[in-house]
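Structural characterization, general
Now for the letters of each chain:
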Amino acid sequence: LIRCSKKEINSYCSEHSIPYATDKTNFENIYTRNIIRNEIVPIIEKINPSFNDAVARLTISAALDDTYLENLAEAELERGSLSLRYLNSLPDSLLNRFIRRYFFVNSPKIVLTNKQTNDIIYLIKNSDTSKKTVIEGVEIRRGYASLIVSESSSGVVPGFSQELEL
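Rules behind the numbers
Residues numbered from 1 in each chain as written. Predicted model: local features only at pLDDT ≥ 70, side-chain atom pairs only at ≥ 80, totals over all residues. Heavy atoms only, no water. Helix = DSSP H or I, 4+ residues; strand = E, 2+ residues; numbered from the N terminus. Buried < 20%, exposed > 50% of the residue type's maximum accessible area, 1.4 Å probe, protein only. Contact = heavy atoms within 4.5 Å. Areas by Shrake-Rupley, 256 points an atom, 1.4 Å probe, with all protein chains shown as cover. Salt bridge = Lys/Arg side-chain N within 4 Å of Asp/Glu carboxyl O. Expected span 1.5 Å × (residues − 1).

As a further point, take the overall build of the protein. Counting secondary structure elements, the protein contains 6 helices and 3 strands. For the protein, the succession of helices and strands along the chain, N to C, is α-α-α-α-α-α-β-β-β. Relative to its full complement of 166 residues, the protein shows a buried share of 29%. Contacts spanning at least 24 positions in sequence make up 35% of the contacts within the protein whose residues lie at least 6 apart. Split by element, the accessible area of the protein, about 11100 Å² in all, is 55% carbon and sulfur.

Looking now at the side chain of E76. Its place among the elements puts E76 in helix α3 (residues 51-79). With sequence-adjacent residues up to four places away left out, E76 is seen in contact with Y86, L90, L94 and F98.

Before going further, it helps to examine the pattern of salt bridges. Under the counting rule described, the total for this entry stands at 7 salt bridges. Of the charged contacts in the structure, one is a salt bridge between E70 and R97, with a shortest N-O distance of 3.3 Å. Here the residue E70 occupies a position in helix α3, and R97 occupies one in helix α5 (residues 92-106), the gap between them amounting to 27 residues. Given the relative accessible area of 17%, R97 is considered buried. A cluster of three or more residues bridged by salt bridges with shared partners is formed by D66, E70 and R97.

The end-to-end C-alpha distance of α3, which contains 29 residues, comes to 42 Å, matching closely the 42 Å that a straight helix rising 1.5 Å per residue would cover. All of the buried residues along α3 are A56, L69, A73, E76 and L77. Tucked inside the fold, the buried residues of α3 contact α4 (84-89) and α5.

And the structure:
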């Protein structure tokens, strides 16, 4: 529906006898999204009448790029390496997805936030072997040659390797 205007949606609903409801809070500027929708977007549309089309094109392009990068991350994950040399060789956008996918596959109870993902990337790229982060009972630290993932109380988390070598 991102490519459809509100007018097109209303027309479609009318033509097909589909009930259309409007939440009255949509017109109240009590939420940031409503301020953007009610005040900022109309100003941008005055400056650039094709703004909505440009946003729709960008959204489609970003979705295609995201799908491609997610598929690459999945393929990289199958290689199964947590070596620092390997992880540091990945472009940032792929490393981010690799880390998130690794935890999704190996510990579905952990859904990494953006900050947690960035903390892990910091360990990979910038820290020494004394640095670590703990997420929901799982300790992630930088070893000499690889990222090490284990229970924070020292045992190995099921599904994780203690240390994957080069």
